[in-house]
Amino acid sequence: MQKSPLNYRTALAFSIGISLLLNLLFLIMFFYGKDAVMPSEGERIRPSLNAWNMLMHVIANFLLVFTLYVLNFKLLKIRFNSTVKLLTIILATFVCTWVLSYVFSNIQLQFKDLPTNSKHIIRGGMVRDSFIAIIVLFSSQLLNLWYKQQLTALENKSLLAENMKTRFAALKNQVDPHFLFNSLNTLNSLIKINTEKAQEYVQQLSYVFRYTLQNKETITLSEELKFTQSYCSLMQIRYGESLRFIHQIDAKYYDYAIIPLSLQILVENAIKHNVVSNKQPLSITISTSEDLYISVSNPIQLKKIPETGERIGLDNLAERYRLMWQKEICVYETEGVFEVKIPLIRL
C-alpha cells in the first residue's frame, strides 16, 4: 500500500520552502531600495531590517503555512460529501488564515518602528496571507489528486496481477488432468499389447508424475529437458522404432527459464495429430536457436481421421506465456514441416 503524502513531513517540507521563498523576495526588494507605501496617506516607510525582524518574518510565515497545510491534510482525510468537504476546507482555510495573520501582524508590530496607525499594515498582511492560503489550497488539492491517481493505478495493477495469477493457476490446473487422462489412455492401450512394457511404462510414469506435482510456475530448461526425455522414453516404450527423437540442444541455454510441461505438451501434440507407424515413422526434433527460442518440429503426416477434443495443449501454453512474460509462442508450417517455437527467458 502506497503511503499517503498528506502527512506532517510533507507539510514541514512545503512550509519551509514557501516561507523561505517569501522572505527571499522580501530581501531582494529591500536591497534594491523598494520602500513600502501606505495606501491611504501615501507615506513611504523603509522597514528596519535586522536579524530579529527577519527571524520573526520567517517564523510567522512558516507557522502560518505549516498550520494551513496540516489543517488541509486533516480535512482531506475526512470522508464525507466531496462538495461539502471542499467548501469546508476553503472556509476553514481562510478563517484560520485571517485569524493567524491578525495575531502575527500585531505581534510583529510591537517590535517595529512603524506609525501609530497600523491598520493598513495589518490589512496588507491579511491580503498577502490570503494569497498564501490560495497557494496552500491549490497545492493540497493537487497533491491529494495525485495521490488518489497513484493509489488507483496501484490498485488496478494489484487487481491485474491477482487476475493474472488466478488465470495462470486455472490454466495449470487444466493441463494436469489433461496430461493424466492421456497417460492413462496410453497405459490402457499398452496393457493390451505388451504387459512387460506396460510395467516399465508404469515405473517411468511414476517419475513423470512426481515432476508434474511440483508447484513451480517456472523451471530451468535443463530440468524441463530431463523430464521431457523421460516422457519421450514412455512414448518409445509404446511406439518402439516408429517414433524417433532428435535433440539439438546447446548447453549454454540450460539455465534459461521455461514454463513446466511446455516441451511435453508439444511432443504430445505431435504424436497425437500425426501418423506413427512402422511404414511411416515420426521424427520429432527438439532444438535451440540463437534467437533465444527452443523449438519442437516434426514432418507433417496427419492422421486421416483427426483427433477429436479441445485444443487444450497449445492454446493453453500460448496463454500461459502471455500471462507470465507477455511473450508469444511462434507456430510455423512450411515445406511439410510443423514447428512450434517457445521463448527462452534469461534469469
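Quick caveat: nothing in here was measured; it's all calculated off a predicted structure.

1. Describing the packing of aromatic side chains
Here is step 1 of the chain: All chains considered together, the criterion is met by six aromatic pairs.
Here is step 2 of the chain: Ring centres 5.7 Å apart and planes at 15° place the aromatic pair Phe-62 and Phe-66 in the stacked group. Taken together, the positions of Phe-62 and Phe-66, both in helix 2 (residues 51-76) and four residues apart, correspond to about one turn of that helix.
Here is step 3 of the chain: Among the residues examined, Phe-66 registers a relative accessible area of 22% and is labelled partly exposed.
Here is step 4 of the chain: Ring plane angle 45° and centroid distance 5.6 Å describe the contact between Tyr-321 and Trp-325, whose orientation is recorded as tilted. Separated by four residues within a single helix, Tyr-321 and Trp-325 lie in helix 8 (residues 312-325), roughly one turn from each other.

2. Here's the deal with helix 6 (residues 221-239)
Here is step 1 of the chain: Over its 19 residues, helix 6 runs 26 Å from end to end, which matches the ideal 27 Å to within 8%, given 1.5 Å per residue.
Here is step 2 of the chain: Looking only at helix 6, the buried set comprises Leu-221, Glu-224, Leu-225, Phe-227, Thr-228, Ser-230, Tyr-231, Cys-232, Leu-234, Met-235 and Ile-237.
Here is step 3 of the chain: Trailing helix 6 by a residue or two, Gly-240 shows a phi angle of about 65°, which is positive.

3. Quick notes on the packing of helix 5 (residues 195-212) against helix 6
Here is step 1 of the chain: Put simply, helix 5 and helix 6 touch, their axes get as near as 9 Å, and they point 155° apart. Classified by the interaxial angle, the pair formed by helix 5 and helix 6 is roughly antiparallel. In the packing of helix 5 onto helix 6, the handedness of the crossing is left-handed. Contacts between helix 5 and helix 6 pair Lys-197, Glu-200, Tyr-201, Gln-204, Leu-205, Tyr-207, Val-208, Tyr-211 and Thr-212 from the former with Glu-223, Glu-224, Lys-226, Phe-227, Ser-230, Tyr-231, Ser-233, Leu-234, Met-235 and Ile-237 from the latter.

Cut-off values and rules
- Residues numbered from 1 in each chain as written.
- Predicted model: local features only at pLDDT ≥ 70, side-chain atom pairs only at ≥ 80, totals over all residues.
- Heavy atoms only, no water.
- Phe/Tyr/Trp six-rings, centres within 6.5 Å; stacked < 30°, edge-to-face > 60°.
- Helix = DSSP H or I, 4+ residues; strand = E, 2+ residues; numbered from the N terminus.
- Buried < 20%, exposed > 50% of the residue type's maximum accessible area, 1.4 Å probe, protein only.
- Expected span 1.5 Å × (residues − 1).
- Axes fitted to C-alpha atoms, helices over the stretch in contact; angles between N-to-C directions.
- Parallel < 35°, antiparallel > 145°, perpendicular 65-115°, else oblique.
- Left-handed = near helix turned anticlockwise from the far one by under 90°.
- Contact = heavy atoms within 4.5 Å.

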